[in-house]
Amino acid sequence: MARYILKRFSLMIVTLLVIITATFFLMHSLPGTPLKNEEKLSPELRAQILEQYGLDKPAYVQYFKFVGHLVQGDLGKSLNYDGREVTDMLMQGFGPSLLIGSQALLFGVLIGLILGVLAALKRNTWLDSLATGASIMGVSIPSFVLAALLAYFVGVKLGWLPATGYDTYSATIMPSFALSFAVIAQISRYVRTEMVEVLEQDYMRTAKAKGINRFAILVRHALRNALIPAITVMGPLAVNIITGSLVVEGIFAIPGMGKMFVESILNNDYTVIMGTTIFYSVLIVVTLFIVDLLYGIIDPRIRITGAKE
Amino acid sequence: MSTEKTYTPDLFEPIGQLDKRAEQLNRKQVGVWKDAWLRFKQNKGALLGLFLVLVIGLLAIFGPLINDYDWSSQNVTIKNQDTAVDGHYFGTDHAGRDLWQRVWYGAKVSLMIAFLAVFLDVIIGVTIGGISGYFGGRVDAVIQRFIEIIYSIPNLIIIILLIMLMEPGIWAIAISIAMTGWVPMSRIVRAQVLKLRSQEYVLAARTLGASHKRILLKHLIPNVIGPIIIAVTFSIPSAIFFEAFLSFIGLGLRPPEASLGVLISEGNGFMQLSPHNLIWPATVLSILMFAFNMIGDGLRDALDPRMKK
Amino acid sequence: MSKILDVRDLHVSFHTYSGEVKAVRGVSFDVEKGQTLAIVGESGCGKSVTSQAIMKLILTPPGEYKHGEVLYNGKDLVKMSEKEMEQIRGKEIAMIFQDPMTSLNPTMTVGKQIVEGIIKHQKLSKAEAKEKAIEMLKLVGIPSPESRFTQYPHQFSGGMRQRAMIAIALSCNPNVLIADEPTTALDVTIQAQIMDLMKDLQARLGTSIILITHDLGVVAETADRVVVMYAGKVVESGTINEIFAEPRHPYTWGLMNSMPKLNQDRSEELSPIPGAPPDLLAPPKGCAFAARCKYAMKICQEVDPELTEHSKDHRVACWLEHPMAEAYRKEVVEGRESV
């Protein structure tokens, strides 16, 4: 097990290094310079600013400097908002994004689980159709469409919840809900498939042949085996929520990382783009790593064989 | 018992064995494709999906011929009309352009981008997956590490970074989407190739001196075609989604060009004034995504022999 | 002796997308106390479905009990509710499944899987149940049962898993044990060990066994009575001696011929039965075996023969048994013996 963790951990570090390098050089090959109102600057001033940001040095020098600072948690300064530290901006944006994202995740996983399990148990009934319908709707209606419609109808027309802003807790409900839609779809579909497969396994018949009652069989034998593989959706789910947050935060004017990222792209704010990309990647890579470890701990087939090595 | 009934002696004439065939299935052999089609036909959702795709496809091509406007002419005297008058079936947008024309033109552009992206997906995915699976060993290991790294960065971030490198336009969007979309395709192909490679008939073909290329073409490709078709049907809605997403955050096509994403983005801006600007393109987009997902589900059930019951 | 289990005219169908598959089409047999009944036949003949139908393990839908009774000590199990069946399953009738690799829950310790049934049926405390479970593991010949108790199925070998399955099945002293191809998935030496174990436990505990198999060798060694099934029906049934010494149905002849014999000349080939079983989506109107039968007559294609009594215990469903076919039958039997 220890060896497996170590192997998995080093793979994670390599992945991160590749991502950082790729992002850096990709940003560097972009056409144009990231300076505002470039045409209006005199050549001297332009050179001065480039020097100030270290942009006049060769790419590899900039790269090593960048990595050196990165290790110390320094992602440089925003090119757009004069002098603001990217790290500070990320920290500020992370709070709202985390709150909304985790609410969406919790709600979505809960509802998705219930729907998925019920659909598998009542296969080919109206309940199954309902769950399938819900999951297909969740996949078919993009979060930004849902968010825009919610903002208009619930926020503006009905006025039940604030349509924009991040001042009160109630303002987080609609964006969380808009994000959770896709989570419900993904989880319910996955859990249903797993559950249907588990229900057809031979060991379910063995359990039934012992005279155990339906509910106990469901909890002790079916759910456990169906939910272990479901842990692996956590990675894609995190990706899903991040993707959604890029637009949903914009629509509801939430001052989160997603909104910041989109603005930085439109402003060619390279340091912020790089910083956010790296932050997102770390988030995903670490999530995938933890999911892998969890899987190993929960599934005895991996845990024990791993320990023997 | 039976002796009570009367039988004529001629019934007891020996006729001998009729079925002299060696061990073989008695059930009428239905071709794989015919069998799949029979099962697909039973799936009402999939048929509905197919119907909707056809309807929207036809409207995208012939819809613009139905009224007398075109997609780009402005008429500021009739801005933001939300009722169907003078042949403006969907009303007009903020610049007085006919929304019916714009929606179907936009749907055509979105579909074109999606098909283009998926076409590139298949070419890249099949090539890389095929190489990885067929040659195995070191080649496979390197490719798989590479894929693992790509997999741990959210697709959208890769797409955004790539699109920043290129001139905005249909090709740029399609290429960026394809750059991440090929990964699942290659995994499917690799898995299938690995599975088939170890099977005896490939070994037999090899001992008979068949070349790599011949084996790939004759034996492997026919077997991977099913899973590829399924993956394609799921890739199309995902490409439609990414196009809309990119246009929504301002990285895709720019107005006055139209795609479903551009229209939704514009509609979102004028939501408060005239929600129909958002609702029409959003509905077409959602129906398209829904329809392709239903077809994909139906195909998966029809082509996946594990589900055969 | 008394009948403990009496299956009467059982019909079970499955509803599939291409129609109704009549998997079991009127099967009757009975099991006496302490005896072993073997059900033999090719795969797909309905023997597994029959065995699972006895314990009502068939999922409905897609399955359906069309007709018939399963009398256990005189009570009809088919009519029982799920709640009542829970008291029968495991406690009165227990089952061992074909594949020990997939029949145990991979994420639950073997000990827990045995304890589960004991707690349900014997109202013991957890500690007592554990003691009993370890005792069962010892009984089925698993070494160091205390440490094995906390292990997971994947840490067991195939033979060990089947022993654990037997321990689960026998932990509540059932009156009837159904063993569905208990040795098919195991290698030959383990097969013999498992069969010996079952015989030994039967002698000690007085359990009746229904042994489902396609292996006539196993049948010859263990069974008291034999039921031969083909295409969802019983074609011949009788005591072990009757079936092996004087088989009367052409299908049973076929099964015997396809079994290797110890004294068989090397030059003599095994002769498998040509052809394949009929499609049970649309069973033929006559005898289901007619198309593959060397001795088929016109009537075999027209009318399905009924199970008739040849002697007290020996029943056969074949038109050759009919008085009008007596001469032909004689010819056939002589022809067979001269080969």
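This structure is a prediction, so every number in the text was calculated from the model and none was measured. (Residues numbered from 1 in each chain as written. Chains lettered and ligands numbered in written order. Predicted model: local features only at pLDDT ≥ 70, side-chain atom pairs only at ≥ 80, totals over all residues. Heavy atoms only, no water.)

Draft legend 1. The overall build of chain C, seen in detail. In terms of helices and strands, chain C carries 12 helices and 12 strands. Taking 20 Å as the expected radius of gyration for a compact globule of 339 residues, we find that chain C reaches 21 Å, a close match to that expectation. Overall, the C-alpha framework of chain C stretches about 70 × 50 × 40 Å when taken along its three principal axes. Looking at chain C as a whole, 56% of its 339 residues qualify as buried. Counting only contacts in chain C whose residues sit at least 6 apart along the sequence, the fraction spanning at least 24 positions is 64%. Accessible area of chain C: about 14,400 Å², with a carbon and sulfur share of 52%. Averaged over its 39 positive side-chain charges, chain C has a centre that lies 5 Å from the centre of its 44 negative ones. (Helix = DSSP H or I, 4+ residues; strand = E, 2+ residues; numbered from the N terminus. Rg over C-alpha atoms; globule rule 2.2 N^0.38 Å. Buried < 20%, exposed > 50% of the residue type's maximum accessible area, 1.4 Å probe, protein only. Contact = heavy atoms within 4.5 Å. Areas by Shrake-Rupley, 256 points an atom, 1.4 Å probe, with all protein chains shown as cover. Lys, Arg positive; Asp, Glu negative; His and termini not counted. Charge placed at Lys NZ, Arg CZ, Asp CG, Glu CD.)

Draft legend 2. Structural context of unusual backbone geometry. Positive phi outside glycine occurs at Ala253(A), with the angle close to 50°. Its place among the elements puts Ala253(A) in the loop between α10 (234-251) and α11 (257-266). For Ala253(A), a relative accessible area of 30% corresponds to the partly exposed category. Backbone geometry places Ala231(C), a non-glycine residue, at a positive phi of 50°. Along the chain, Ala231(C) turns up in the loop between β9 (225-230) and β10 (233-239). A relative accessible area of 3% places Ala231(C) in the buried class.

Draft legend 3. Examining the side chain of Ser13(C) more closely. All names here are of chain C. Counting through the fold element by element, Ser13 comes out in strand β1 (residues 3-16). A polar contact of 2.8 Å, which involves the side chain of Ser13, links it to the side chain of Glu20. The residues touching Ser13, leaving out its near neighbours within four places in the chain, are Glu20, Val21, Lys22, Ala23, Pro62, Gly63, Glu64 and Lys66. (Polar contact = N/O pair within 3.5 Å; in protein donor to acceptor, adjacent residues only side chain to side chain.)

Draft legend 4. Spotlight on the pattern of salt bridges. A complete count under the given rule lists 33 salt bridges over all chains for this structure. Residues Glu266(B) and Arg102(B) are paired through a salt bridge, measuring 3.3 Å at the closest nitrogen-oxygen approach. Taken together, the residues Glu266(B) in helix α9 (residues 260-269) and Arg102(B) in helix α3 (residues 99-135) connect sequence positions 164 residues apart. When sorted by exposure, Glu266(B) lands in the same class as Arg102(B), which is buried. Connected through salt bridges with shared partners, the residues Lys3(C), Asp6(C), Arg8(C), Asp30(C), Glu69(C) and Arg225(C) form a single ionic network. (Salt bridge = Lys/Arg side-chain N within 4 Å of Asp/Glu carboxyl O.)

Draft legend 5. Here's a closer look at the pairing of β1(C). All names here are of chain C. Here 11 bridges tie β1 to strand β2 (residues 19-32), and the two strands are oriented antiparallel to one another. Bridge assignment links Val7 to a residue of β2, and that residue is Phe29. Once β1 ends, the chain turns through two residues before running back antiparallel as β2. In terms of strand pairing, β1 meets strand β4 (residues 63-72) through eight bridges, oriented antiparallel. Directly across from Phe14, in β4, lies its bridge partner Gly63. (Pairing = 2+ DSSP bridges.)

Draft legend 6. Seen up close, the packing of α3(B) against α9(B). Residue and element names in this part refer to chain B. At a closest axis distance of 7 Å, the pairing of α3 and α9 adopts a crossing angle of 135°. When the axis of α3 is compared with that of α9, the two are oblique. Where α3 abuts α9, its residues Arg102, Val103, Gly106, Ala107 and Ser110 lie against Leu260, Gly261, Leu263 and Glu266. Of the residues that constitute the contact of α3 with α9, the class distribution is four nonpolar, three polar and two charged. (Axes fitted to C-alpha atoms, helices over the stretch in contact; angles between N-to-C directions. Parallel < 35°, antiparallel > 145°, perpendicular 65-115°, else oblique. Nonpolar A, V, L, I, M, F, W, Y, C, P; charged D, E, K, R; others polar.)

Draft legend 7. Up close: the UniProt feature "transmembrane region" (unreviewed entry) in chain B. Residue and element names in this part refer to chain B. The residues that UniProt annotates with the feature "transmembrane region" (unreviewed entry) are residues 46-66, 109-134, 146-164, 170-189, 224-249 and 278-299. Counted over residues 46-66, helix gives 81% and strand 0%. Its end C-alpha atoms are 29 Å apart. Across residues 170-189, the secondary structure splits into 100% helix and 0% strand, with the terminal C-alpha atoms separated by 27 Å. (UniProt positions renumbered as here; feature names shortened; annotations may be inferred.)

Draft legend 8. A look at the UniProt feature "domain: ABC transporter" (unreviewed entry) in chain C. As annotated in UniProt, the feature "domain: ABC transporter" (unreviewed entry) corresponds to residues 7-256 of chain C in the numbering used here. End C-alpha to end C-alpha, residues 7-256 of chain C measures 26 Å, and it is 39% helix and 28% strand.

Draft legend 9. Inspection of helix α5 (residues 155-165) of chain B at higher detail. Of all 11 residues making up α5(B), nine are buried, and the element is well covered by its neighbours. Those residues of α5(B) lying buried are Leu156(B), Ile157(B), Ile158(B), Ile159(B), Ile160(B), Leu161(B), Leu162(B), Ile163(B) and Met164(B).

Draft legend 10. Spatial organisation of the sheet that holds β9(C). All names here are of chain C. Read across the sheet, eight strands follow the order β6-β7-β8-β3-β9-β10-β12-β11 without closing on themselves; strand pairing throughout is mixed. Bordering the open sheet on either side are β6 (93-96) and β11 (308-309), each of which pairs with just one other strand. Bridging between β10 and strand β12 (residues 315-316) involves two bridges; their strand directions are antiparallel. Bridging from a neighbouring strand, Ser237 pairs with Arg315 of β12.

Draft legend 11. Spatial organisation of the sheet that holds strand β5 (residues 75-76) of chain C. Pairing in this open sheet of four strands is antiparallel, and the strands run β2-β1-β4-β5 (chain C) from one edge to the other. The open sheet is flanked by β2 and β5 of chain C, the only strands paired with a single partner.

Draft legend 12. A look at the packing of aromatic side chains. Enumeration according to the criterion identifies 23 aromatic pairs over all chains in this entry. Ring geometry for Phe144(A) versus Phe245(B): centroids 6.0 Å apart, planes at 75°, classification edge-to-face. On the criterion of chain membership, the pair formed by Phe144(A) in helix α6 (residues 143-157) and Phe245(B) in helix α8 (residues 212-248) is interchain, its members lying in two chains. For the pair shown, Phe144(A) and Phe245(B) are each scored as buried. Ring geometry for Phe146(B) against Trp182(B): centres 6.5 Å apart, planes inclined by 20°, an arrangement best described as stacked. Of this pair, Phe146(B) sits in helix α4 (residues 137-151) while Trp182(B) sits in helix α6 (residues 170-197), and the two are 36 residues apart along the sequence. The exposure class assigned to Phe146(B) is partly exposed, which follows from its relative accessible area of 46%. The class for Trp182(B) is buried, based on a relative accessible area of 4%. (Phe/Tyr/Trp six-rings, centres within 6.5 Å; stacked < 30°, edge-to-face > 60°.)

Draft legend 13. Up close: the pairing of β4(C). Residues and elements named next belong to chain C. In the sheet, β4 pairs with β5 via two bridges, with the strands oriented antiparallel. Directly across from Leu71, in β5, lies its bridge partner Asp76. Between β4 and the antiparallel strand that follows it, β5, lie two residues; Asn73 among them carries a positive phi value of about 50°.

Draft legend 14. Region of the structure containing the environment of Arg148(C). Residue and element names in this part refer to chain C. Relative to the elements of secondary structure, Arg148 occurs in helix α5 (residues 145-149). With 15 residues separating them in the primary sequence, Arg148 and Ala133 have C-alpha atoms 11 Å apart. With sequence-adjacent residues up to four places away left out, Arg148 is seen in contact with Val110, Ile142, Pro143, Gln155 and Phe156. In this structure the side chain of Arg148 is engaged in a polar contact, spanning 3.3 Å, whose partner is the backbone oxygen of Gln155.

Draft legend 15. Fine view of the interface of chain A and chain B. Contact residues are listed per partner, giving 42 residues for chain A and 38 residues for chain B. Summing both partners gives a buried area of about 3,500 Å² for chain A against chain B, and 80% of it is carried by carbon and sulfur. Seen at the junction of chain A and chain B, the total is one salt bridge. In this structure, Asp297(B) and Arg189(A) form a salt bridge, with 3.1 Å as the shortest nitrogen-oxygen distance. Between chain A and chain B we count two residue pairs in polar contact (both at pLDDT 80 or more) in total. Looking at the side of chain A that touches chain B, the elements with two or more residues in it are α1 (2-28), α5 (126-140), α6, α10, α11 and α12 (270-298) of chain A. Partitioning the side of chain A that touches chain B into residue classes produces 32 nonpolar, eight polar and two charged. (Buried area = accessible area lost by both parts, 1.4 Å probe.)

Draft legend 16. Quick look at the nonpolar core. Among the nonpolar cores identified, the biggest contains 160 residues, and Phe144(A), Phe252(A), Ile160(B) and Ile240(B) are the most heavily contacted of them. With sequence-adjacent residues up to four places away left out, Ile240(B) is seen in contact with Leu111(B), Ala114(B), Leu285(B), Leu288(B), Met289(B) and Phe292(B). Membership of the second largest hydrophobic core comes to 72 residues, among which are Cys45(C), Leu77(C), Met85(C) and Val227(C). (Core = buried A, V, L, I, M, F, W, Y, C linked by side-chain atoms within 4.5 Å.)

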